[in-house]
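Listed below, chain by chain, are the residues.
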Amino acid sequence: MKLVFEKGMNLSEVEVIRHYSTLSKLNFGVDFGFYPLGSCTMKYNPKINEDMAKLEGFTLLHPLQPVSTAQGALELMHNLEKMLCEICGFERFSLQPAAGANGELTGIMIIQAYFRKKRENRSKILVPDSAHGTNPASVSVCGFEAVEIKSDKDGNIDLGELKEKMTEDVAGIMITNPNTLGLFDQNILEVCKIVHEKGGLVYGDGANMNAMLGICKPKELGIDVMHLNLHKSFATPHGGGGPGSGPVGVIKELVEFLPIPLIEKKGEEYVFNYENENSIGKLRSFYGNFGVMVKAYTYLKAIGAEGIREVAEIAVLNANYLKEKLKKHYNLPFDRVCQHEFVLDDSKMPNGVTTNDIAKRLMDYGFHPPTVYFPLIVHGALMIEPTETETKETLDEFANAMIKIKEEAEKNPEIVKGAPHSTPVKRLDAVKAAREPNLRWKP
Amino acid sequence: MRFIPHSDKEKEEMLKEAGVATINELFKDIPKEVFLKEELGIGKGLSEIELKKHIEELAAKSKSAKQLKLFLGAGCYNHFIPSTVSAITGRSEFYTAYTPYQPEISQGMLQAIYEWQSYICMLTEMDLANASMYDGASATAEAMMMVVHATKRKKVLFAKELNPEYRAVLQTYANSSNLELKEVALEELEKEIGDNTACLIVQNPNYLGKVEELKAISEQVQGKGAALVVAIAEALSLGFLDTPGNYGADIVAMDVQSFGNPMGFGGPAAGVIACKDKFKRHIPGRLVGKTVDSEGKEGFVLTLQAREQHIRREKASCNICSNQALCALAATVYLATVGEKGLKEIAKQNNENAKYLAEKLNGTDIELETENFFNEFVVKTQGAKQLQEKLLKKGFVFGYALDEERVLVTATELNSKDEIDELIEAIGELK
């Protein structure tokens, strides 16, 4: 499609609206179908969240207007923080981080500040091979060395290797639990104990929190600092790549390091508290992606205590149901009860059909593909997360499409290898894009 | 619960297929001692009627820019947003999508981001721009990290009239990475800049509203092998001022809230990094590139991902993954809507309103401190905070107090001459 500039630099309103409305039709969102992108928790985003976030009492507030005139916003943030603390068992949350990776950065800086204050020189952080993709980067941008810990044959963290590598120069471990195989680590209490006994801290990557909502509290597992993704478990839309929100929760001993400001209630008034003694400072301007917080708060108030547990229960039921249907046709490298997601691979596919081919062919059947080739520990991984908002009927249709693709791979592999056939463009040349970068239009 | 579609019968059938009798059996890996037996203390769920009432009541507890007359900026600006913006960002093809990892079904967002990158390049006269950062402050910090990695130098200078939010974020990053971060007065730059300096960061217009003259500074900085990073908190100024590319910037770190994103109590909006070609392999964040499909048809993909955290992992210099795509889309639609002429006109209106405000304030006993400003400036008056409090009672938010006697005051296209006259009248009544 023509670029907007090719139509002119001073367009009429109708030209602008037609251009971007037409572009939107080339895009696939949750509102249009099943989106089982593993570890991204693409659940339905309730419409009331959008309406509430658009209220002028939220959108038309200036972050520096007198606090006395912004009490509703502070109250909402305060309430949201309290709810997140209760869900996770933590003492306090900072709502400032703008996304999951920004939360990771915050958390690792908090760990760094904790050991600097204790004058302990710890230069490494352990990262299991089943952790999220951004974890090693978050560790290294703060100047730590990321040390990989292997998974054992059941998909848990290898305790032998953990004991060996958890030495006095290790600041802690970054755990994703349930991990990217969709498995709840069966030795989680032992893992945290081993790290704590050597004076280390446990960071929890909360991207997979959907499976634990109302089921167990991360702090009780032994996690000391953790980020949540409001744009995953808490039903705020992902916006085609953002904005997200990645609040960071901590145990009591780490509150002094949280970013400033914190929100406090003094009598009947809500205030910003900039006096956090050993705070790491600020990760971004002002208070975070406030509009995203409004949506997450609205969601939590809608589902309540009884609903939040049901979210986790049905998310896990949907994943296990789909896993059992598909494991008869696809290889399931870790055959255990899963949590919110599970990982298949392409090792049983005939005629050289790969995970990428399966992903592309799924588009022809009207589905967004799962996460592919991640986690790296499973060769040709297909990471499938259905979430709780999908009907049994949708799961059945998806399973049938997957089974059909397997049959096609046997009888007519070219149709799978040449997929997608029904999309606005065919497979795109990524090598050309990288070798001859064309990153902008030039007049 | 209304967001879960399963009937009891369906649940039974699914449990059977999953090979368990109860849902709790699916949680058998969770240690018994931590398995919650009681409901969380977050209250009962509300019906949609109750919920709407509750949230609307919360919203009503604050005073919006509709109820207050804002003369406040300082890094977040109250601009008009055309209705085209929400018409497009409200389309769920865009807002309910994830990051465009699968390009064949994400061409809409990918093309929009390519257009955004192009707009940012045109506005700044830089060679390339990324798909967005969290905001201007974090973009500036990431620009600093980018130059530190590219030059392997660990000293960073910033001009002292820098927005305190930006300064705070720079300090957080510098502390973590053990960088030497130093404030400098531009006239004393020669004393501080050396062969170990990675970059000089200058906000333009600066925090006090002044438009900086940076041509000579850029030559001075580049003469030492360092980079000039220009931080822009008020993107609309680009419709009025010389471009960073023209005065020699190497990197631009910008906040684009002013383009189609509401103030929203400080977020979400978007930041962006744009740079010269020589930093192409160091720019953080996502990039969209144009390519062709297997039949030669043009299309767009995320590209140069080898720079990114999920491939380089342990070697990454930035960990950003999710960015602010929808806010960047809002900015893109804003720019397409107002067009080249409109942007210049809006920017000019801002400047005219600010000049009118400055002139009128000068007529009271308030002293103007900033010369050569775009849409905000500093004024001096005894008892500034008391004046602000009194004006607030009359419905005016009179700028942001920098100290006991200095206030940073802003006027945008939304502060009409009438509103400015009302403010002056109110000040007159109080004095």
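Residues numbered from 1 in each chain as written. Chains lettered and ligands numbered in written order. Predicted model: local features only at pLDDT ≥ 70, side-chain atom pairs only at ≥ 80, totals over all residues. Heavy atoms only, no water.

Asks: An account of the interface of chain B and chain A is requested, with residue identities and associated values reported.
Replies: Opposite the 154 residues of chain B that make contact, chain A presents 173 residues. Carbon and sulfur atoms make up 64% of the area that chain B and chain A hide from each other, which totals about 14,500 Å². Taken together, the connections running from chain B to chain A amount to 10 salt bridges. The salt bridge involving Glu-295 of chain B is made with Lys-426 of chain A; its shortest N-O contact spans 2.9 Å. Put simply, chain B and chain A have 83 residue pairs in polar contact (both at pLDDT 80 or more) between them. (Contact = heavy atoms within 4.5 Å. Buried area = accessible area lost by both parts, 1.4 Å probe. Salt bridge = Lys/Arg side-chain N within 4 Å of Asp/Glu carboxyl O. Polar contact = N/O pair within 3.5 Å; in protein donor to acceptor, adjacent residues only side chain to side chain.)

Asks: Kindly report on the side chain of Thr-134 of chain A, identifying the contributing residues and their values.
Replies: Considering the arrangement of structural elements, one finds Thr-134 of chain A in the loop between strand 2 (124-128) and helix 7 (135-141). For Thr-134 of chain A, a relative accessible area of 9% puts it in the buried group. (Helix = DSSP H or I, 4+ residues; strand = E, 2+ residues; numbered from the N terminus. Buried < 20%, exposed > 50% of the residue type's maximum accessible area, 1.4 Å probe, protein only.)

Asks: Explain the environment of His-62 of chain A to me, using residue names and the numbers behind them.
Replies: By the element assignment, His-62 of chain A lies in the loop between helix 4 (56-59) and helix 5 (71-88). For His-62 of chain A, a relative accessible area of 0% gives the class buried. For the pair His-62 of chain A and Thr-389 of chain A, spaced 327 residues apart in sequence, the C-alpha separation works out to 35 Å. Apart from residues lying up to four places away in sequence, His-62 of chain A is in contact with Leu-70, Leu-72, Gly-73, Cys-76, Met-263 and Phe-265 of chain B. Within the structure, His-62 of chain A has its side chain in polar contact with the backbone oxygen of Gly-73 of chain B (distance 2.9 Å).

Asks: So what's going on with the packing of aromatic side chains? Which residues, and what values?
Replies: Inspection of the entire model under this criterion finds 23 aromatic pairs over all chains. Ring centres of Tyr-299 of chain A and Phe-3 of chain B lie 6.1 Å apart, and the angle between their planes is 25°; on these two criteria the pair is classed as stacked. Highlighted residues: Tyr-299 of chain A in helix 11 (residues 290-326) and Phe-3 of chain B in the segment before helix 1 (8-18), drawn from two different chains. Cluster of aromatic residues (ring-pair linked, three or more members): Phe-58, Phe-272, Phe-286, Tyr-287 and Phe-290 of chain A together with Phe-265 of chain B. The positively charged end of Lys-69 of chain B is found above the aromatic ring belonging to Phe-396 of chain B, 5.2 Å away from the centroid. One residue, Lys-417 of chain B, lies across the ring of Tyr-356 of chain B, its end atom 5.3 Å from the ring centre. (Phe/Tyr/Trp six-rings, centres within 6.5 Å; stacked < 30°, edge-to-face > 60°. Lys NZ or Arg CZ within 6 Å of the ring centre and 35° of its normal.)

Asks: Go over the domain arrangement of chain A with me, naming the residues and quoting the values.
Replies: All names here are of chain A. On domain assignment, one finds that chain A holds domain 1 (17-45 + 312-417) and domain 2 (50-302). Of note, the centres of domain 1 and domain 2, computed from C-alpha atoms alone, are 29 Å apart. Contacts between the two partners involve 25 residues from domain 1, matched on the other side by 33 residues from domain 2. Interface of domain 1 and domain 2: buried area, both sides summed, is about 2,100 Å²; carbon and sulfur atoms make up 58% of it. Here domain 1 is connected to domain 2 by zero salt bridges. Connecting domain 1 to domain 2 are 13 residue pairs in polar contact (both at pLDDT 80 or more). Contributions of two or more residues to the side of domain 1 that touches domain 2 are made by helix 11 and strand 10 (342-345). (Domains from an automatic or database assignment.)

Asks: Which residues make up the pairing of strand 3 (residues 145-149) of chain A, and what values go with them?
Replies: All names here are of chain A. As defined by bridge partners, strand 2 adjoins strand 3 across five bridges and the pair is classed as parallel. Bridged to Ile-125 within strand 3 is Ala-146. Handedness of the crossover is the feature at issue here: the chain leaves strand 2, passes through helix 7, returns alongside strand 3, and the resulting connection is right-handed. (Pairing = 2+ DSSP bridges. Right-handed = clockwise from strand over helix to strand, strands pointing away.)

Asks: Break down the packing of helix 11 of chain A against helix 2 (residues 48-60) of chain B for me, with residues and values.
Replies: The description of two helices packed together rests on the angle between their axes and the distance between the axes. At a closest axis distance of 10 Å, the pairing of helix 11 of chain A and helix 2 of chain B adopts a crossing angle of 145°. Considering only the axes of helix 11 of chain A and helix 2 of chain B, their crossing is right-handed. For the pair helix 11 of chain A and helix 2 of chain B, the contacting residues are Tyr-297, Thr-298, Lys-301 and Ala-302 of chain A in the first and Leu-51, His-54, Ile-55 and Leu-58 of chain B in the second. Of the residues in the contact of helix 11 of chain A with helix 2 of chain B, the class split is five nonpolar, two polar and one charged. (Axes fitted to C-alpha atoms, helices over the stretch in contact; angles between N-to-C directions. Left-handed = near helix turned anticlockwise from the far one by under 90°. Nonpolar A, V, L, I, M, F, W, Y, C, P; charged D, E, K, R; others polar.)

Asks: If you had to explain the sheet that holds strand 14 (residues 400-401) of chain B to someone new, which residues and values would you point to?
Replies: Residues and elements named next belong to chain B. The four strands lie next to each other as 11-12-15-14, forming an open sheet whose pairing is antiparallel. The open sheet has two edge strands with one neighbour each: strand 11 (367-368) and strand 14. Where strand 11 meets strand 12 (residues 376-380), two bridges bridge the pair, whose relative direction is antiparallel. Bridge pairing links Leu-368 to Val-379 in strand 12. The strands touched by helix 11 (residues 325-363) are strand 11, strand 12 and strand 15 (406-410); relative to strand 12, the strand with the most contacts, the crossing angle is about 10°.

Asks: Any details on the pairing of strand 6 (residues 227-232) of chain B? Residues and values, ideally.
Replies: All names here are of chain B. Most of strand 6 sits inside the fold, with six of its six residues counted as buried. Residues Ala-227, Val-229 and Ala-231 point to one face of strand 6 and Leu-228, Val-230 and Ile-232 to the other, with burial holding for every one of them. Pairing between strand 5 (residues 197-203) and strand 6: five bridges, direction parallel. The residue bridging Gln-203 from the neighbouring strand is Ala-231, located in strand 6. Each parallel crossover has a hand, and for strand 5 linked through helix 9 (residues 215-223) to strand 6 it is right-handed. Examined bridge by bridge, strand 6 and strand 7 (residues 251-255) share four bridges and lie parallel to one another.

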